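Structural overview for review
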Amino acid sequence: MASNFSIKHQPGFTAIAATCFVVLYLPIIVLVAYAFNAASSTSEWGGFSLRWFQSAYQNTQVIDATLRSFQIGAIAAVLSTIFATMAALATTRTAPYPGLTFKYAAINQPLMVPEIVTGVALLIFFSRIKIFTGYSGLGYLIAAHTAFCIPFAYLPIRARLENMDLTLERAAADLYATPWKTFRRITLPLLWPGILAGLMLAFVISLDDVVITEFVKSGGQDTLPTYMLGQIRRGVTPEINAISTAFLLLSVAIVTLFFFVSRKRD
Amino acid sequence: MASAEEVAKAAERRDVRDRWLLSAPALLVILLAATGPLLIVLVYSFLTPGAYGDVKWQFSPDAWISVFMERDIFDDTLSVAVAHVTIFWRSIKLAVVTTLATLALGFPTAYFMATRSEKTRDLWLFLITIPFWTNLLIRTFAVLQIIRNEGIINTILLKLGIISAPIQILYTDTAILIGMAYVYLPLMVLPIYASMEKLDFRLVEAGYDLYATRFKVLRKIIFPLVKPGVIAGSILVFIPALGAYVTPVVLGGGKNMMLSNLIELQFGQGRNWPLGSALSITVMVIVMLALLAYVRNAGRSGVRHG
């Protein structure tokens, strides 16, 4: 018995885990498979075809929404990553100082509130500003996305910084480097993987958002997810499967990249 | 001439000031486009609804009264708003059951992942991370295609002759539950895994040396040690589940409303922004209570073993 007894074994756990992994991926695989369905409904299989990808590509609403998603995502990701990097530099590698706890709480606040509440709050606030200024462009969506992307971008950057000691920076200062030069030549190159991870995370988070965008957008400002939600509400065509498949491919590519960037140790 | 102590103090003050300047943009954006507007919601919940949406700037407690009560249109008496209470009850029930379901599935999964060899662990983590970062709407849509009447589950059961007519799962509470458990499972697994990865298996071994059964080891050693991860996972699942918007819209078909749909209704056809605001604040309060329970619990189990 002694030789066979594994202390790590728990009865049934492996079976449950296996089920979980299968269940997590099965619906996604079915979704992707139906994107290549030639039939015009998702309830029968009519052979392999790329017609739904073609029809999505020719759908100007889809292309518009996609471009808008990318535009908002790119701007929000860059802004939130810059702000998060600055905030991370300000809140790590220091003895506790007055306001530090407040900063942690404030930066993580968007994570603590259900999206629907933030969405409603922004709807009210921005509708006031719209009346006041007359401006109704993409700025509102970009501001909202930047705000909720900050805590996500902050996470990997802060984690990276906490693993960097101040030795090199002190050495640079001893050699009469200005603080800016020290930052550019020492801190930034070392911090880069964290910043890159934060940037990708923020981009994916912005690209995925449905609820806040749904409440903040003005007429004709659909992003890809809100466009898809509208279509799904009306009834489903395999075109949605095709768009989802393309979207999934992009997400997986970014996540894979993120995984390798953030896992790499120095 | 300043003493060394004074110089050090001044440098420290400058450092703190620089740190505030550095964090100012992030704090400002969050204040303007996340935290600040929440205060406006609070103000709006005490105003009078305008005829075409928005509000009239006139104090009224009506919105708060109608969160749980309704006024009879004929004799003005107050009674419990059954519709609202039902939706509150359904949302809380679904969020709790989702949390328990993801815990029941996620705990063994995290344990499985943490007991793999160091090399393969990264692969399992990667497999959990992919669904975690894939679009929630797409994953909900994937569930829709599986559970609908013409979906794969019903088709297989029909072909096998187990059922003679498709089971109606879509547009029921069960569908919302399946969908939420599916999309939030990675949120439960990841924090439990993070705790589990640090688990010292020598303690488990010691338990067996002292003749503990497998279940007893699980209950008395493993579970208490990974409890912070379990609590974190539960919070991470409970908060979005309570405020879930996409899942009830896609899988509940609009008939089985949850809190978020009720709130949305007030800002759309309902044209009752104050009520929508009061409902939003109520959701926030429930979430805050859950977080408070978390902080207190985490504080109590803060004693480190080993």
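Residues numbered from 1 in each chain as written. Chains lettered and ligands numbered in written order. Predicted model: local features only at pLDDT ≥ 70, side-chain atom pairs only at ≥ 80, totals over all residues.

1. Describing the overall build of chain B
- What chain B contains, in helices and strands, is 12 helices and 4 strands.
- The C-alpha atoms of chain B give a radius of gyration of 25 Å, which is well past the 19 Å a tight globule of 306 residues would have.
- Referenced to the eigenvectors of the C-alpha coordinate spread, the extents of chain B come out at roughly 90 × 75 × 35 Å.
- Taken across its 306 residues, chain B has 42% of its residues classed as buried. (Helix = DSSP H or I, 4+ residues; strand = E, 2+ residues; numbered from the N terminus. Rg over C-alpha atoms; globule rule 2.2 N^0.38 Å. Buried ≥ 20, exposed ≤ 12 C-beta atoms within 10 Å, placed from the backbone.)

2. Looking at the environment of B:K159
- With respect to the helices and strands, the residue B:K159 is situated in helix α6 (residues 152–159).
- Counting along the chain gives 49 residues from B:K159 to B:A110, while the straight-line C-alpha distance between them is 35 Å.

3. Here's the deal with helix α4 (residues 100–112) of chain A
- With 13 residues, α4(A) ought to run about 18 Å at 1.5 Å a step, and its terminal C-alpha atoms sit 18 Å apart, in line with that.
- All of the buried residues along α4(A) are A:A106, A:I107, A:Q109 and A:P110.
- At its buried positions, α4(A) is contacted by α3 (60–91), α5 (115–133) and α6 (139–162) of chain A together with α1 (4–44) of chain B. (Expected span 1.5 Å × (residues − 1). Contact = placed C-beta atoms within 7 Å.)

4. Remarks on unusual backbone geometry
- Its identity as a non-glycine residue notwithstanding, A:Y176 has a phi of 65 degrees, on the positive side.
- You can see A:Y176 is positioned in the loop between α7 (167–174) and α8 (179–208).

5. Points about the packing of α3(A) against α6(A)
Residues and elements named next belong to chain A.
- For the pair α3 and α6, the least separation of the axes is 6 Å and the interaxial angle reads 45 degrees. Accordingly, the angle class assigned to the pair α3 and α6 is oblique. Viewed along their axes, α3 and α6 form a crossing whose handedness is right-handed.
- Residue composition of the contact of α3 with α6, by class: 18 nonpolar, 5 polar and 1 charged. (Axes fitted to C-alpha atoms, helices over the stretch in contact; angles between N-to-C directions. Parallel < 35°, antiparallel > 145°, perpendicular 65-115°, else oblique. Left-handed = near helix turned anticlockwise from the far one by under 90°. Nonpolar A, V, L, I, M, F, W, Y, C, P; charged D, E, K, R; others polar.)

6. What about the interface of chain A and chain B?
- If you look at the interface, chain A gives 70 residues, while chain B gives 69 residues.
- Looking at the side of chain A that touches chain B, the elements with two or more residues in it are α1 (13–35), α3, α4, α5, α6, α8, α10 (224–234) and α11 (238–263) of chain A.
- Considering each element in turn, the side of chain A that touches chain B owes the most residues, 12 residues, to α1(A).
- Residues belonging to the side of chain A that touches chain B are distributed by class as follows: 52 nonpolar, 12 polar and 6 charged.

7. Structural notes on the domain arrangement of chain B
Residue and element names in this part refer to chain B.
- As assigned here, chain B comprises domain 1 (4–79) and domain 2 (81–300).
- Between the C-alpha centres of domain 1 and domain 2 the distance comes to 29 Å.
- Taken together, the 18 residues of domain 1 in the interface contact 14 residues of domain 2.
- Per-element accounting of the side of domain 1 that touches domain 2 gives the leading share, 5 residues, to helix α2 (residues 62–68).
- For the side of domain 1 that touches domain 2, a count of residues per class yields 12 nonpolar, 4 polar and 2 charged. (Domains from an automatic or database assignment.)

8. Remarks on the pairing of strand β2 (residues 55–59) of chain B
Residues and elements named next belong to chain B.
- Bridge analysis of strand β1 (residues 47–49) against β2 gives 3 bridges, and the strand direction is antiparallel. Across the sheet, T48 pairs through a bridge with K56, a residue of β2.
- A loop of 5 residues connects β1 with β2, the two strands running antiparallel in sequence, and G53 in this loop sits at a positive phi of about 85 degrees. (Pairing = 2+ DSSP bridges.)

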